[in-house]
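Single-letter residue listing:
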Amino acid sequence: MDIKTQGKRLTLNDIATLAGVSKTTASMVLNGQSEQFRIKPETREKVEHIAKQYGYRANVHAKALKMRRTNVIGLVIPDLTNYGFASTAKTLEKLCRENGLQLVIACSDDNPQQEKQAIDRLLDRQIDLLITAPTHQDPKYYKSVLKHTLVLQLDRYVPNLDLGYVISADTDKIAELVALTVQRYQLKEYFYFGGQLSLSPSQSRLNGFRQGLKQANLAEKNDWVRHKDFQSESGYQLMEDLVKHLGRLPEAVFTASYTILEGVLRYLTEHDQMDKLLEKKLHLATFDDHNLLNALPFHIHSIKQNHEQIAQQTFSLIRRKLQGKLPENIKVECQIRWRD
């Protein structure tokens, strides 16, 4: 039978017809079941040759419908350029790939509507499980997603939502860093630049900052804590606004993310203020870490997350969820990086 194949995606029926076998036989061969069903080697070779010749690929959606599994995991993170999320995603993708799963990554841009669109597109792919860094605290939407697939939370979590999450144990380490920084440099003021206060990491990191001030017996002033979001541009704007407010550079600033720190450094560079860091007239510290900080001629202390462990624990929760086990909430320890 003559089959026109140019510009046409071949079906399993087409392969069977070209090989002169039944659709069932062709399916068994292409699913690696030739030996199990005692299909002749010459038949197997003919089917495989034709499939390769015409570039046949199995319909993964049809196969998934039959097996009720796609082996696809969806991951929605706020920022693809964020070093922390990128590091975690890289390790998690490797773990998934080595264990027969495909990780599909999407970006929410820290926007609830964009997160919803990204999740909808992943649900269209019939993913087996969704991992998301929530952009808001409303549990209703995430409960609606549970009707379609399993859900885990990464880096952030929504209260009163028993989904399971992996986050960093940040509060105590931030408190320790802040307290020792105040004492070491005899600070009289310390400012905090944070992201959206409604998000769980914003709250835990701010709690750590305030605990550190109390431990160092430094009374917080009303204007020390300032919030926007976790984007680099926000760090720039927060620093610019603070300098205008004070009429000078502050003594010290703690940024709640590395991306906010990037914006602060860009402001200092564009306003020829980097010498203040060299002279230790301005002290910077940040949550999250990057090896680039080791190469700078001035010190920026940091809280280093264990992204390798975060990815491994997330993968462990993926396996538990897929096996039908109850979710867990996991906190991964952080480390202080002093750079004097």
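Cut-offs and rules
Residues numbered from 1 in each chain as written. Predicted model: local features only at pLDDT ≥ 70, side-chain atom pairs only at ≥ 80, totals over all residues. Heavy atoms only, no water. 1 Å grid on protein atoms, 1.4 Å probe; cavity = no way out; pocket = protein on both sides within 12 Å on 5 of 7 lines; lining within 4 Å. Points joined across faces, edges and corners; volume = space filled by probe spheres on them. Helix = DSSP H or I, 4+ residues; strand = E, 2+ residues; numbered from the N terminus. Nonpolar A, V, L, I, M, F, W, Y, C, P; charged D, E, K, R; others polar. Domains from an automatic or database assignment. Buried < 20%, exposed > 50% of the residue type's maximum accessible area, 1.4 Å probe, protein only. Contact = heavy atoms within 4.5 Å.

The protein appears in an unreviewed UniProt entry as LacI family DNA-binding transcriptional regulator from Actinobacillus indolicus.

## Considering empty space enclosed by the protein
According to the stated counting rule, one finds one cavity of 30 Å³ or more in the structure shown. Of the pockets and cavities examined, the largest cavity occupies roughly 260 Å³. As for the largest cavity, its lining consists of 25 residues, and the residues nearest its centre are Asn-82, Phe-85, Asp-155, Arg-205 and Asp-288. Those elements that place two or more of their residues in the lining of the largest cavity are helix 5 (83-98), strand 5 (165-169), helix 9 (200-215), helix 11 (258-270) and helix 13 (307-322). Looking at which element gives the most residues to the lining of the largest cavity, the answer is helix 5, with three residues. Each residue belonging to the lining of the largest cavity can be placed in one class, and the counts come to 11 nonpolar, eight polar and six charged. Shared between two domains, the lining of the largest cavity holds at least three residues of each, these being domain 2 (70-163 + 307-331) and domain 3 (169-305).

## Quick word on the environment of Tyr-258
Summarising the element assignment, Tyr-258 is placed in helix 11. On the accessibility criterion, Tyr-258 (11% relative accessible area) is buried. Spatially, the C-alpha atoms of Tyr-258 and Ser-232 are 8.4 Å apart, while their sequence positions differ by 26 residues. In contact with Tyr-258, not counting residues within four places along its chain, are Thr-286, Phe-287, Asp-288, Asp-289, His-290, Leu-292 and Leu-293.

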